[in-house]
Each structure stands twice: as structure tokens, then as C-alpha cells.
Amino acid sequence: MSEITANVARHGRRLRVAPYVLVQPGAERRADLETIARYATEQGWQVSSRTFADMGQPRPLAERPGFTEARRYAAQGFADGILAIARPAITTDNDTYVRVLKYLYQRQVFLAYLPAEPELTP
């Protein structure tokens, strides 16, 4: 990610991210997309005009049209990265995760997540 962000900065433009969520349509999806957009804006990043989503329980990545479209959109140069709430929205399988990262990196696209909320102690 740092290599890609440095390259974007050298070209004098804002970092562009495409939001991706794995959640049913409705209020929860809107809330997740708003959370991603708010975080990106706080970082000074530009949120793409398109958002990407898949429904419900995670299916294999190859069977998720929303994530496939997000990858394609970013690889075509419309976004510098894909921003999700957390890694489980992408995959919990390490081999698949490595393949996704390599695919994106070869196309100069990063994958990022929102920072974890700090745990509150009583």
C-alpha cells in the first residue's frame, strides 16, 4: 500500500478507493458504506463514485460478482485501492488471500481495511 500511495502522491493527485462490503442490502449495507466513506474522507482519500457489494454469508471469492467487479474497476485505473471493513469481508483463507494480494499488486492496486476499534476495558 505504501508503494502505491507514494506513487499517487508523486503524481500530485488524491488516493482513490473503491468501497466493498459483504452484507445484505438495506440499512446495514448503507451504514457500512457510510462508515467506509467517512473513514476514507478523514484520511483525505477520494471515494469512488461506484461502490461494490456482495450479499450475506461469504461464498468463495471467485463466486462473488461484487468483489470481482471491484477488482476489475480498480485494475482498470478507476481506483488505487479497495477499502473494506475487515479482512473477513474478503476471505479468511490464507492461500486465497495471498492470490488476491498478488493479483492486485501486479495491477498497482492495494487492499485495505478500516482500523480495528480499540477494545474498551471495564
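These figures come from a predicted structure and were not determined experimentally.

### Quick look at the layout of surface pockets
And then number 1: Of the volumes computed, that of the largest pocket is approximately 200 Å³.
And then number 2: The wall of the largest pocket is formed by 15 residues, among which Pro-60, Leu-61, Ala-62, Thr-91 and Thr-96 lie closest to the centre.
And then number 3: At 3 residues, helix α4 (residues 94-106) tops the list of elements feeding residues into the lining of the largest pocket.
And then number 4: Here the lining of the largest pocket is composed, by residue class, of 7 nonpolar, 3 polar and 5 charged.

### Concerning the pattern of salt bridges
Think of it this way: side chains of opposite charge can pair up when their charged atoms draw near.
And then number 1: Summed over the entire model, instances satisfying the criterion amount to 2 salt bridges.
And then number 2: For Asp-80, the salt bridge goes to Arg-16, with nearest N and O atoms at 3.3 Å. Of this pair, Asp-80 sits in the loop between α3 (65-75) and β4 (81-84) while Arg-16 is found in strand β1 (residues 16-22), placing the two residues 64 residues apart along the sequence. Neither residue differs from the other here; Asp-80 and Arg-16 are each classed as buried.
And then number 3: Here Glu-69 and Arg-72 are joined by a salt bridge, their closest N and O atoms 2.4 Å apart. Taken as a pair, Glu-69 and Arg-72 lie in helix α3 at a separation of 3 residues, close to a single helical turn.
And then number 4: Judged by relative accessible area, Glu-69 falls into the partly exposed class, the value being 30%.

The rules behind each value
Residues numbered from 1 in each chain as written. Predicted model: local features only at pLDDT ≥ 70, side-chain atom pairs only at ≥ 80, totals over all residues. Heavy atoms only, no water. 1 Å grid on protein atoms, 1.4 Å probe; cavity = no way out; pocket = protein on both sides within 12 Å on 5 of 7 lines; lining within 4 Å. Points joined across faces, edges and corners; volume = space filled by probe spheres on them. Helix = DSSP H or I, 4+ residues; strand = E, 2+ residues; numbered from the N terminus. Nonpolar A, V, L, I, M, F, W, Y, C, P; charged D, E, K, R; others polar. Salt bridge = Lys/Arg side-chain N within 4 Å of Asp/Glu carboxyl O. Buried < 20%, exposed > 50% of the residue type's maximum accessible area, 1.4 Å probe, protein only.

From the geometry alone we can't say anything about function, so treat these as descriptive.
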